[in-house]
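# Report on the structure
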Amino acid sequence: MRPTLSQAVARLILLPGLAISIATLVKGYGDAGDGFAAGVIAALTLLVQYVAFGYREAERRIPGLRRLPVAAVAGLARALAVALVPAARGDAILTHWPPPGDSPVRLGTLELVSAVLFDVGVFLVVLGVVTGAVGAIARAAERAGGRA
Amino acid sequence: MLRLLPAIIALGAFAAILAGWAAGGGAVEAAWAPSWGLELSFELDGLGALYGLLATGIGFPVFAYAARYLPLHLDHQGRSHREEWRFFGLLLLFMVSMVGLVTARDLILLFVFWDLTAVSSYFLIGYDRQEAEARSSALMALLVTGVTAVLLLAAILLLWAEYGTFSLPELAARARPGALVTGAGVLVAIAGLAKSAQVPFHFWLPRAMAAPTPVSAYLHSAAMVAAGVFLLARFYPLLALSGLVLDLLLAAGLASIAIGGVLALTCDRLKQVLAYSTISQYGYVATMYGLGGGKSVAAAAFYVLSHALAKSALFLTAGAVTEATGEDRLSRLGGLARSMPALAVGSGLAAAGLAALPLTIGFFKDELFFAASFDDSWPAAVAAVAAAGLTFAYIGRFWLRIFAGRRRSDAVRLPPLLTAPVAVLGLAVLLGGAFAPPFGDLAAAAARASAGAVPPIEPAYHLDARAENLMALAAYATGILLLAAPWLWRRPAAWVASTGARLGPERAYTVGLAGLNRFSDAIHEIEVRDLRSRIAAVLVPGGALAVAGLAATPTAGAYRAGTLSTDDLALVLTLAVVALAAIGTAAPRHHLTLLLSVAGVGFGLAVVYALLGGPDVALVAVLVETVAALVFLGVFALVPRDVLRRMEAIPTPRRRRWRDPAIGIFAGAVVFFVVWGALSRPSPAAAIADEHVRLAPQAHAKDVVTAILADFRGLDTLGEITVIAVALVGVTTLLARGRLR
């Protein structure tokens, strides 16, 4: 069977879409975009795969897609950890590192601050929830015997 | 054996608290939300040690008992043994929240643990969830203790508003007698009395006997109900500032002693007798706090200690007897002493403790009680003797009816784990009678935490004609008389029981709950009839409120129109497109067209954000709009096409033709004026935004929106992503278990 136009586009868009999403995420603290936007971009890219290939084929093509809802749990755990670690050190929860005034550690043009870690948690939750919900709907629709 | 793990945990916690207390107590602090003056601050003072040792020390035998009792219980009901873990998890949660409650120094923290005990007790009382009675009893306990818990929160916030601290020691130092402290004291007293099942909130406790026996033995002797009087003890420095509050406690306590005692005398079901007895016994404690003064407070602390030991043993006895014979009524039991001697002796010691016989710890509880009331006034002394006589009578009746007299039912052999805990607790009661000073020291330390300087408690036997001894003899005589001549009290007691059932507070609860249900059903009916009514139910009252607000605000200068320049042309044009698209959404009947026009509004607004210089917001708006449109598309794809076509063909009913547009226009106009008014003045919101922009570099951010999401408002974000993750759990569960069509 020859790939349809949508499948060709989906294949083309996959890696650039994920790359843009990651860029939005890591640069979020210095530029437009944040973990939420990055999560939605990544989820949309994956949604296109679902729509173009159907969920079975999409999950076969992209290893780990099926397990992605676990990312929601991991993201929540990560955000909670960022929030609670300062409490263990005697600060208020969600006190970010480095404190105001200190200059953050730089990695090229990236600045390492704990708020970005928190944002990564948000990213994971959004990504996991959107793909998880769509996957669940697709499975339910197939069970019901309809188009998915 | 894994089932004994909870008991071992309880024993370990008991040892830890005991060691901590022996080492002189101590405090733990951790920041919680320092900008609100909240901290996770715990302190093991005398009061915390007393109640903490009770919660863990009684927890140990009760959990051990439950390890054997629960499998039997589940077998009787044909339930899976896997449900045990829910039970032990909840029991442990309850124990932890109890220990947290009694050691919390911060009032908000105290409130959180207070509610945690109510929540876990709800699940424990309703553990037999297949039974309607258990469910409604659990709800009743939750409502009575949960609604009054809100009063506690109100009192805490009142005190905070006046004195600016959530710390009890600081409050006690700053508070002065006055209307505010009296008001807060009344609220605290109500919360405490409701939790301790005092009149007029007592009715939930006998109902809560629907719980499995270990729950009753634990929650309704040493923990849940004890938390109520613990609250009174904790707040005593504030409560004592107002005579009114103390009188309230005195009145509720005396009423509880009388009503609980009389009903305990008439009840037939084993656990009901004990429930009413608990009401009556905590009535003693409330009464002593009501009498006030160091001596009474010390007596109250000692009373809680000795009562909890005896009562938990008696609850466990009731469960064991029912397990052995299958009977739960006094009238069908009797003569069991020969077939279960260990249980008879253990529960006999506990009953003797409750009846305040010499050589048990109970003797001293009554001695202290007599001394406190004798010091107060002669009516108090007479009431004390009558109350002790009543206790002697009902607990004597309880024990004698089960273990003495003619044998009325067969009994199977009990496993040792159902008997040993009763024996252990019974021996503890006896031990307290023989070596009372350590118990007295603990109670005195607890009382010092409540009332400052307190005379030391020196329990000892004095063989002379002092007032306490004479009062004890009078109480025994009264009790024996009541036991020997039931015709004296049978008819008046029955009258009290029937009147209480007819006119008592439980009836008010039932009627009130039914009324609330009807009201809620009526609102629900309006709200959910269809989607349009539901939206109208939000828009119309909301709009009316906003109109009232607008009408009350002065209009001078409230609505200013700015100026337009040619630079704004693009913005104006985009807005015009958005407005047209928004009006256009009202027209199409085809679902796909409708979806596209709604999406058009959203994308237009995203352009507006971009033009106004908010790339972050614009980005998110585009993304959200795309996802929403895709989700709608997906839903439409799931609905069969003929259903969609049929829906499109349904004509709008005549009365709707004007109603729905009118509601929409009204709501739109209200929002227009609200937004116009808000934009016309330099608002505090703008000042906050400026502050965010100013602070963003300090948070190492060049993007203000991200800084707000991840840093300034990080807690909000955390809450939001939690909600999103929970929604995923809901969606997947529903879709996995349910059917789509």
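Keep in mind that what you see is a predicted model, and the values were worked out from it rather than measured.

Another point: the packing of aromatic side chains. All names here are of chain B. Counted under the stated rule, the structure contains 25 aromatic pairs over all chains. Judged by centre distance (5.8 Å) and plane angle (45°), the ring pair of Phe392 and Tyr476 falls under tilted. Of this pair, Phe392 sits in helix H17 (residues 378-403) while Tyr476 sits in helix H20 (residues 467-484), and the two are 84 residues apart along the sequence. Of the residues examined, Phe392 reaches a relative accessible area of 14% and is grouped as buried. With centroids separated by 5.5 Å and ring planes inclined at 80°, the aromatic side chains of Phe672 and Phe673 adopt a geometry described as edge-to-face. Residue Phe673 is classed as partly exposed on the basis of its relative accessible area, which comes to 36%. An aromatic cluster is built from Trp85, Phe87, Phe88 and Tyr127, whose rings are joined through pairwise contacts. Cation over ring: Arg79 sits above Tyr127, and NZ or CZ is 4.7 Å from the ring centre. Over the ring of Trp114 we find Lys195; its NZ or CZ atom is 4.4 Å from the centre of that ring.

Taken together, the side chains of Arg401(B), Arg406(B), Arg408(B) and Arg490(B) define a basic patch exposed on the protein surface. One can find Arg490(B) in helix H21 (residues 490-503).

All names here are of chain B. Volume-wise, the second largest pocket comes out at about 1,100 Å³. Surrounding the second largest pocket, 40 residues form its lining, Glu133, Pro206, Met209, Arg269 and Gln272 being those nearest its centre. Every element with two or more residues in the lining of the second largest pocket is listed here: helix H2 (46-76), helix H5 (132-163), helix H8 (204-207), helix H12 (243-266), helix H13 (270-291), helix H14 (294-325), H21 and helix H22 (505-528).

Let us look at the interface of chain B and chain A. Counting residues at the interface gives 43 residues for chain B, matched by 51 residues for chain A. Roughly 3,700 Å² of surface becomes buried between chain B and chain A when both sides are summed, with 73% attributable to carbon and sulfur atoms. Sorting the residues of chain B by area buried against chain A places His700(B), Ile721(B) and Leu728(B) first, and these three jointly supply 17% of that buried surface. The interface formed by chain B and chain A contains zero salt bridges. If you look at where chain B meets chain A, you find zero residue pairs in polar contact (both at pLDDT 80 or more). Mapped by element, the contributors of at least two residues to the side of chain B that touches chain A are strand E1 (26-33), helix H26 (615-638), helix H30 (704-712) and helix H31 (714-737) of chain B. Per-element tally for the side of chain B that touches chain A: the top contributor is H31(B), with 13 residues. Along the lines of polarity and charge, the residues of the side of chain B that touches chain A split into 29 nonpolar, nine polar and five charged.

Attention shifts here to the side chain of Ser256(B). Structurally, Ser256(B) is set in helix H12. Residues contacting Ser256(B), with those up to four places away along its chain left out, are Gln198(B), Val199(B), Gly261(B), Ile279(B), Ser280(B) and Gly283(B).

To continue, consider a nonpolar patch on the surface. All names here are of chain B. A surface patch of nonpolar side chains, about 490 Å² in accessible area, is lined by Leu2, Leu5, Ile8, Ile9 and Trp85. With three residues, the top contributor of residues to the nonpolar patch is helix H1 (residues 5-22). Note that Trp85 resides in helix H3 (residues 84-103). A residue is classified by how much of its surface remains accessible, and Trp85, at 43% relative accessible area, is partly exposed.

For the rest of this paragraph, the subject is the domain arrangement of chain B. By a widely used convention, the size of an interface equals the accessible area lost when the partners come together. Along its sequence, chain B is carved into domain 1 (2-345 + 352-488), domain 2 (559-650) and domain 3 (683-741). Here domain 1 of chain B and domain 2 of chain B have C-alpha centroids that lie 62 Å from each other.

Let us look at the confidence of the model for chain B. The pLDDT averaged across chain B works out to 87; a share of 97% of its residues lies at or above 70. Summarising per-element confidence for chain B, the mean pLDDT is lowest in helix H29 (residues 684-695) of chain B (71) and highest in helix H7 (residues 179-195) of chain B (94).

Attention shifts here to empty space enclosed by the protein. Residues and elements named next belong to chain B. Enumeration over the complete set of coordinates arrives at one cavity of 30 Å³ or more. One number sums up the size of the largest cavity: a volume of about 40 Å³. Along the walls of the largest cavity sit Ala356, Phe363, Asp366, Glu367, Phe370, Glu468, Ala472 and Tyr476, which together make up its complete lining. Residue classes in the lining of the largest cavity are distributed as five nonpolar, no polar and three charged.

Attention now goes to the confidence of the model for chain A. Parts of the model with low pLDDT should not have their predicted coordinates read in detail. Put simply, chain A has an average pLDDT of 82, and 91% of its residues get 70 or more. Within chain A, the lowest mean pLDDT, 69, falls on strand E2 (residues 110-112) of chain A, and the highest, 89, falls on helix H1 (residues 5-26) of chain A.

Now for the packing of H17(B) against H20(B). Residue and element names in this part refer to chain B. In the contact formed by H17 and H20, the axes pass within 7 Å of each other and the chain directions differ by 45°. Judged on the interaxial angle alone, H20 and H17 are oblique. When the axes of H17 and H20 are compared, the crossing they make is right-handed. Together, Ala381, Ala384, Val385, Ala388, Gly389, Leu390, Phe392, Ala393, Gly396, Arg397 and Leu400 of H17 and Met471, Ala474, Ala475, Tyr476, Thr478, Gly479, Ile480, Leu482 and Leu483 of H20 make up the contact between the two elements.

Before going further, it helps to examine the packing of helix H4 (residues 107-125) of chain B against H5(B). Each pair of packed helices can be described by the angle between their axes along with the distance between the axes. Residue and element names in this part refer to chain B. Two elements in contact, H4 and H5, have axes separated by 8 Å at closest approach and are oriented at 175°. By the angle between their axes, H4 is roughly antiparallel relative to H5. Contacts between H4 and H5 involve Leu107, Ile108, Leu110, Phe111, Trp114, Asp115, Ala118, Val119, Tyr122 and Ile125 from the first element and Ala134, Ser137, Ala138, Leu139, Ala141, Leu142, Thr145, Ala149, Leu152, Leu153 and Ile156 from the second. Split by residue class, the contact of H4 with H5 holds 18 nonpolar, two polar and one charged.

Right, let's get into the pattern of salt bridges. Summed over all chains, the structure comprises 17 salt bridges over all chains. Among the ionic pairs, Glu327(B) bridges to Arg332(B), the shortest N-O distance being 3.3 Å.

Residues and elements named next belong to chain B. Cis geometry marks the peptide bond from Val199 to Pro200; its omega dihedral reads 5°. Within the element layout of this structure, Pro200 appears in the loop between H7 and H8. Despite not being glycine, Leu359 shows a phi value in the positive range, around 75°. Of note, Leu359 is situated in the loop between helix H15 (341-354) and helix H16 (361-376). When its relative accessible area of 57% is taken as the criterion, Leu359 is described as exposed.

About the criteria used
- Sequence positions are assigned chain by chain, starting from 1 and proceeding in written order.
- Chains and ligands are labelled by the order in which they are written, letters from A for the one and numbers from 1 for the other.
- The predicted origin of the model limits local features to residues at a pLDDT of at least 70 and limits the giving and counting of side-chain atom pairs to 80 or more, whereas totals for whole chains, interfaces and linings rest on all residues.
- Side-chain calculation: all heavy atoms of the structure are included, whereas hydrogens and water are not.
- Working definition: rings of Phe, Tyr and Trp (its six-membered ring) pair if their centres are within 6.5 Å, and the pair is stacked with planes under 30 degrees apart, edge-to-face with planes over 60 apart, and tilted otherwise.
- Helix and strand labels come from DSSP, where a helix needs a run of H or I of at least four residues and a strand needs a run of E of at least two; each type is numbered from the N terminus.
- Relative accessibility under 20% of the residue-type maximum defines a buried residue, over 50% an exposed one, and the middle range a partly exposed one, all with a 1.4 Å probe and only protein chains included.
- The rule is short: NZ of Lys or CZ of Arg within 6 Å of the ring centre and within 35 degrees of the ring normal puts a charge over the ring.
- Grouping into patches uses exposed residues only, defined as over 30% relative accessible area, and leaves out salt-bridged ones; the cut-off is 9 Å for like charges and 5 Å for nonpolar side chains (Val, Leu, Ile, Met, Phe, Trp, Tyr).
- Surface accessibility in these figures is a Shrake-Rupley result with a 1.4 Å probe; residues are shielded only by whichever protein chains are displayed.
- Within this document, salt bridges are pairs made up of a side-chain nitrogen of Lys or Arg and a carboxyl oxygen of Asp or Glu, the two lying within 4 Å of each other.
- Here the positive residues are Lys and Arg and the negative ones are Asp and Glu; neither His nor the chain ends is included.
- By convention, charge coordinates are those of NZ in Lys, CZ in Arg, CG in Asp, or CD in Glu.
- The distinction between a cavity and a pocket rests on a 1 Å grid over the protein atoms alone: a 1.4 Å probe fits inside a cavity but cannot get out, while a pocket stays open yet meets protein on both sides within 12 Å along at least five of seven lines, and a residue with an atom within 4 Å of a point counts as lining.
- Grid points are joined across faces, edges and corners, and a volume is the space filled by probe spheres set on the points.
- Contacts between residues were defined by any pair of non-hydrogen atoms, one from each residue, lying within 4.5 Å.
- For any pair of parts, buried area is found by adding up, for both, the accessible area (1.4 Å probe) each one loses once the two are put together.
- By the criterion applied in these results, polar contacts are pairs of N or O atoms within 3.5 Å in which, for protein atoms, one can donate a hydrogen and the other can accept it, and in which residues neighboring in sequence qualify only through two side-chain atoms.
- Gly is placed with the polar residues, together with every amino acid not listed as nonpolar (Ala, Val, Leu, Ile, Met, Phe, Trp, Tyr, Cys and Pro) or charged (Asp, Glu, Lys and Arg).
- By convention here, the domain bounds are inherited from an automatic or database domain assignment.
- For every residue, the predictor assigns a confidence score, pLDDT, that lies between 0 and 100.
- Axis angles are defined between N-to-C directions and span 0 to 180 degrees, where every axis is a line fitted to C-alpha atoms and, for a helix, only to the segment in contact.
- Convention used here: angles under 35 degrees read as roughly parallel, angles over 145 as roughly antiparallel, angles from 65 to 115 as roughly perpendicular, and any remaining angle as oblique.
- In this scheme, a crossing is called left-handed if the near helix is turned counterclockwise away from the far one by less than a right angle; it is called right-handed if the turn is clockwise.

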